[in-house]
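As a plain string of letters, each chain reads:
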Amino acid sequence: MVEWSDFERSTIQNIFANMDYDVVGPKALARCLVVYPWTQRYFGNFGNLYNAAAIMGNPMVANHGKVVLHGLDRAVKNMDNIKATYAELSVLHSEKLHVDPDNFRLLADCLSIVVAAQMGTAFTADVQAAFQKFLAVVVSSLGRQYH
Amino acid sequence: MSLTAKDKATVQAFWGKIAGKAEEIGGDALSRMLVVYPQTKTYFSHWDDLSPGSAPVMKHGKTVMDGVGFAVGQINDLTAGLLTLSELHAFQLRIDPANFKLLSHCILVVLAIKFPKEFTPEVHVSMDKFLSALAIALAEKYR
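The structure displayed is predicted, hence computed values, not measured ones.

**Here we look at the interface of chain A and chain B**
- Facing 22 residues of chain A, the contacting portion of chain B comprises 19 residues.
- With both sides pooled, the region where chain A packs onto chain B buries about 1,700 Å², and carbon together with sulfur makes up 68% of that total.
- Scanning the region where chain A abuts chain B turns up zero salt bridges.
- Counting across the interface, chain A meets chain B through seven residue pairs in polar contact (both at pLDDT 80 or more).
- At the level of elements, helix H2 (21–35), helix H3 (52–57), helix H8 (102–119) and helix H9 (125–143) of chain A are the ones that each hand at least two residues to the side of chain A that touches chain B.
- When residues in the side of chain A that touches chain B are grouped by element, the largest group, six residues, is from H8 of chain A.
- Across the side of chain A that touches chain B, the residue classes tally to 13 nonpolar, six polar and three charged.

**Some remarks on the UniProt feature "domain: Globin" (unreviewed entry) in chain B**
- Those residues carrying the UniProt feature "domain: Globin" (unreviewed entry) are residues 2–143 of chain B in this numbering.
- Note that residues 2–143 of chain B is 69% helix and 0% strand, and that its end C-alpha atoms are spaced 21 Å apart.

**Some remarks on the packing of aromatic side chains**
- Scanning the model with the defined rule gives eleven aromatic pairs over all chains in all.
- Aromatic pair Phe14 of chain B and Phe119 of chain B: ring centres 6.0 Å apart, planes at 40 degrees, arrangement tilted. Taken together, the positions of Phe14 of chain B in helix H1 (residues 5–18) and Phe119 of chain B in the loop between helix H6 (98–114) and helix H7 (121–138) put the pair 105 residues apart, joining distant regions of the chain.
- With a centroid separation of 4.4 Å and an interplanar angle of 25 degrees, the aromatic rings of Phe44 of chain B and Trp47 of chain B are classed as stacked. Of the two residues, Phe44 of chain B and Trp47 of chain B, neither departs from the other in class, the shared state being buried.
- Cluster of aromatic residues (ring-pair linked, three or more members): Trp4, Phe16, Phe123, Phe131 and Phe134 of chain A.

**A few points about the side chain of Ser126 of chain B**
Residue and element names in this part refer to chain B.
- Among the secondary structure elements, Ser126 is positioned in helix H7.
- Judged by relative accessible area, which is 3%, Ser126 ranks as buried.
- A polar contact of 2.8 Å, which involves the side chain of Ser126, links it to the side chain of Asp7.
- Not counting residues up to four positions away in its chain, the partners in contact with Ser126 are Leu3, Asp7, Thr10 and Val11.

**As for the nonpolar core**
- Phe16 and Phe134 of chain A together with Leu111 and Phe130 of chain B are the most contacted members of the largest nonpolar core, which has 78 residues in total.
- Per-element tally for this core: the top contributor is H6 of chain B, with eleven residues.
- Listed in part, the 16 residues of the second largest apolar core include Val34, Val35, Phe46 and Ala52 of chain A.

Cut-offs and rules
Residues numbered from 1 in each chain as written. Chains lettered and ligands numbered in written order. Predicted model: local features only at pLDDT ≥ 70, side-chain atom pairs only at ≥ 80, totals over all residues. Heavy atoms only, no water. Contact = heavy atoms within 4.5 Å. Buried area = accessible area lost by both parts, 1.4 Å probe. Salt bridge = Lys/Arg side-chain N within 4 Å of Asp/Glu carboxyl O. Polar contact = N/O pair within 3.5 Å; in protein donor to acceptor, adjacent residues only side chain to side chain. Helix = DSSP H or I, 4+ residues; strand = E, 2+ residues; numbered from the N terminus. Nonpolar A, V, L, I, M, F, W, Y, C, P; charged D, E, K, R; others polar. UniProt positions renumbered as here; feature names shortened; annotations may be inferred. Phe/Tyr/Trp six-rings, centres within 6.5 Å; stacked < 30°, edge-to-face > 60°. Buried < 20%, exposed > 50% of the residue type's maximum accessible area, 1.4 Å probe, protein only. Core = buried A, V, L, I, M, F, W, Y, C linked by side-chain atoms within 4.5 Å.

Right, here's the structure in full:
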């Protein structure tokens, strides 16, 4: 069981309540595909990913970025049971999508950086610690059902 | 994943823009690392104040960023250029090299906060590669 302090709970709720999903989702996924280009292996049918500009302007990437970010909503609403909440999604990523779970960590790092840029100085060290702890639990839960 | 000519040019150009704030960046990054990855505090038990923005943290942040700036100048041969710093880290400081990527991540977060427009995905990838190459050069003399 993950223990959350009051500060951590309210920080996570606030971040997601104030987040512009339509901006952050696309930016985070695009950044991941640019910074860690091997992650493009999962998006063979997304069309033009030939360079950073193409990736950042690609509507399929943008759309999927939103899907992925909204995928975090369930964890935000069920912080005391993220492992069970994501059991099905974990099976999906393992059995159907065949995603190497190390990629979850790469996307999480990019998400931290995009949220940092959006929040500016409000993304203090304590806020960063809470956000990264939350993402680490999500990442661990998504990798849990792999075998 | 070695640095291409484009990576080197990107890093040098970006460093030109941020060098003026190197001290702040270093202090903020180190402050963050100590909070976000508390196990890193074990290397600083000799300081009386490990809180974000404290005097020893800010001073050391500057030292570290001066090292990064020096590495930018050695970008064409990081291994040779950072030999002395590598010996320092390997034989005296003996910092577990896994920690280099923790500080690197915090540096990238600070760059995203302070330079949201300039820290584009292309700059991000080149800086990430550079900091990784720096870490490898720093770990060169460990064993």
